[in-house]
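Below, each chain spelled out in residue letters.
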Amino acid sequence: MSTDRLLNTVLQHYQDIHDAAKTDQILGSTVHLLTELSNPLNLGVLTSQLLTAPAIWQQHSGVRNSMRIISVYNSGATRVHNNEVAWREGKESNDGGGITCEEWTRAVVKGADDRSRRWQHLLVLTGVLMGMEGGDRRSLSRSLRNTLESAVVTAANLALETQLADGPVAGASIVIALNFAFPLLSDYHQCLINCNALLPLLVWAITAEEGFCEGQFLADIGTEVAESPSHQLAWSPLTPLFRQLRELDKRPIMANMGPLSKLTGFVVQQVTDTRVVLHAQDALLLFTRQVLGAWQRNRLNEIDPAAEAVALTPETLKNTWPALWSLLRKLMFGVVAMLQSIISRSLLDPYMLNDIAAPMIASKSLHILRNLFFISSRNGNNAFQVYTFTYLTSIDIISRNAAMAYTFLHETRPADNTPAFTTYLQRTLDLFYLNLAEHLPLTLSTDACEALIIKPATAFLSHEGTMTPSMVELFESAHSAVLSTLSCPQHSPLTIQITPFYIIKLFESFPQQISPRQFRVAFKTVMQIVSPPFPIAEMEPYFSETLLEMLQSYTANASTSPLPPTADAVAPAASSEQGEEPLSQQSSLILALVDSLPFLPLPLLEEWLTVAAQALYDIADPVLREPVKKRFLEILVSGEMDVERAAIGVAWWGTHGGREMVMLGGNQPAMMSGALGIDRTSRL
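On a predicted model such as this, the values are computed, not experimentally measured, just so you know.

Procedures and definitions
- Residues numbered from 1 in each chain as written.
- Predicted model: local features only at pLDDT ≥ 70, side-chain atom pairs only at ≥ 80, totals over all residues.
- Heavy atoms only, no water.
- Patch = residues over 30% accessible without salt bridge, like charges linked within 9 Å, V, L, I, M, F, W, Y side chains within 5 Å.
- Areas by Shrake-Rupley, 256 points an atom, 1.4 Å probe, with all protein chains shown as cover.
- Salt bridge = Lys/Arg side-chain N within 4 Å of Asp/Glu carboxyl O.
- Helix = DSSP H or I, 4+ residues; strand = E, 2+ residues; numbered from the N terminus.
- Buried < 20%, exposed > 50% of the residue type's maximum accessible area, 1.4 Å probe, protein only.
- Core = buried A, V, L, I, M, F, W, Y, C linked by side-chain atoms within 4.5 Å.
- Disulfide = S-S within 2.5 Å.
- Axes fitted to C-alpha atoms, helices over the stretch in contact; angles between N-to-C directions.
- Parallel < 35°, antiparallel > 145°, perpendicular 65-115°, else oblique.
- Left-handed = near helix turned anticlockwise from the far one by under 90°.
- Contact = heavy atoms within 4.5 Å.
- Nonpolar A, V, L, I, M, F, W, Y, C, P; charged D, E, K, R; others polar.

A. Molecular detail of a nonpolar patch on the surface. A cluster of nonpolar residues, Leu347, Leu348 and Phe389, forms a patch on the protein surface that exposes about 280 Å² of accessible area. Residue placement: Phe389 occurs in helix α22 (residues 385–398). For Phe389, a relative accessible area of 30% puts it in the partly exposed group.

B. Focus on the pattern of salt bridges. Scanning all chains against the criterion turns up 22 salt bridges. In this structure, Arg631 and Glu634 form a salt bridge, with 3.5 Å as the shortest nitrogen-oxygen distance. Residue Arg631 and its partner Glu634 are both found in helix α34 (residues 622–637); the two are separated by 3 residues, about one turn of the helix. Between Asp642 and Arg645 there is a salt bridge; the shortest N-O distance is 2.6 Å. For Asp642, a relative accessible area of 33% corresponds to the partly exposed category. Here Arg645 falls in the buried class, since its relative accessible area comes to 8%. What you see here is one network of salt bridges that share partners, running through Glu133, Asp136, Arg138, Arg145 and Glu149.

C. Spotlight on the nonpolar core. The biggest cluster of nonpolar side chains holds 210 residues, and the ones touching the most others in it are Tyr73, Trp104, Leu300, Leu324, Tyr502, Phe523 and Leu597. Per-element tally for this core: the top contributor is helix α18 (residues 314–346), with 14 residues.

D. Spotlight on the state of the cysteines. In this structure the tally under the stated criterion is 0 disulfides. Distance from the sulfur of Cys191, which forms no disulfide, to the nearest cysteine sulfur (Cys195) is 7.8 Å. Take Cys191: its relative accessible area is 45%, and that puts it in the partly exposed class. Free of any disulfide, Cys488 has its nearest neighbouring cysteine sulfur in Cys449, separated by 6.3 Å.

E. Quick look at the packing of helix α30 (residues 543–556) against helix α32 (residues 585–596). It is the contact of α30 with α32, at a shortest axis distance of 9 Å, that shows an interaxial angle of 160°. Taken together, the axis directions place α30 and α32 in an arrangement best described as roughly antiparallel. The hand of the α30/α32 crossing is left-handed. Taking contact as the criterion, the partners of Leu548, Leu551, Tyr554 and Thr555 in α30 are, on α32, Gln586, Leu589, Ile590, Ala592, Leu593 and Ser596. Residues belonging to the contact of α30 with α32 are distributed by class as follows: 7 nonpolar, 3 polar and no charged.

And the structure:
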């Protein structure tokens, strides 16, 4: 069929509505015509008719139609470029379209006329820019490329002014087009985009019906979850909602979440009205609250990662479960990336950095992160720099305002009448609370620390039961929160009140609920707190010795059997890389005594150096004794002791028998220096 005849046929087909297969054929013919037409007027007519064609725009395919238009002009421009390159290199004769890239670009752009809308113009311009300049093709002269980039920005800004009237498809199409065009724009043209109007649209596109649908799919999925005859939860891949989940993941907005997050980050920094940024954060807070609420209505939220293989049917575990978490990870990454750009701006914007706005922004950011913690806490999803920056910066900001820190903890604290470890989702929220509370004792008053940190943490320390990895992590976090509070000098009265109870709980928890490393860290921290120069050492001068005597009494009755490997949520990687040294309950307690030596009051140090050296050889098994001995020697020579304590240690080691007790055992017979041993052989 000749080109002119094909053009007439395609223009006729534009006026009617067809099935999907016929529509795809029409679009394929359009790409062919864009490549083959040599008359600029025909190219303009083709573009003008395409942007108003009922065959395309009355298909109700939403943003997919916009993607098709971008693809059509991207493909057409790429082919025109390739034809021109081949003709210049002499590989082909100029019997194709017979039109240069610049002539083709001008002709197509003229077809984006007043008969169509500005957001449709943006689709065409984006496709042309991608096809001509994407992939480092450099098809256009500098002046024409500059003109084309300017046209893209102008069309985008005009489309943003009318997007509410044009409807949701127009809004999502603007976002998609700018997402593709943005990397190809110069810095100058990027800064000309109306970011004040674009930011709300970006947040809407990602969170609403064209994106994550306000998290409603999570609640809907719960209606399809059933219990199998084996009492496992089942969500079949044949259900309608799983097919919808797959379709949701393939939407243009979802498929381009990474680049969209980068675009959002740029837009947040360029917005001139701070209120727009604050409204965007409010929208993210509302969205994540809806996501958490929808997940709470889903039975799948009860599943502990350690029990997935038992709680789910094999089909669910293999198919639907991974697909769901893949989508949730994408949701979390997208939200955190946008939130990070907001927090970054809050450090520089004077309207966000002041003492009134900054704590509120940090509080909202922490609420957003808390709402998504059921995603970020699973499988190391929060182990990336953007999340860490957002979380720690928000903590740093809120910790400067005692009232806001108190309000946040009060709003999110675990309920007093709710037993610990109720559901996995509740344990996840409690873990976020304790992890955050650990950073705030210096900010809060002593009464607030007791009510908002010590009391909730104590409820978890008193728990007895099976310790899964998630429960171990929660248990560790409770210990850390208590130790963080006790370490603050201004809370010394509370420290005196709580420490005896805490130490008893610490001994009761070991070794069933905490690892030897965690026990040593906790006991050493308490010993440091009750020793000089902390004020509690003057208020209760015998506290440190009392604790050591408690440790000594527990050591006398401790098991000498090697401990099995224990779950350690803080440093699993380190233990696996370095190899875990064999320890028993007895040797772990003696190690805790050795770790405490650098913090003892000076009058007690020499006495307890001797006690520790004697206890070393109470460990009968040489394999278990060796790590303790190694640590003892390390304490003496590594510089952990200050000058005064080091001097006492040197004297004890050299002239008070320390060397013999450590190296040879504490029960060697006393003898004069230089004397012969009793097992000598007579030469007479």
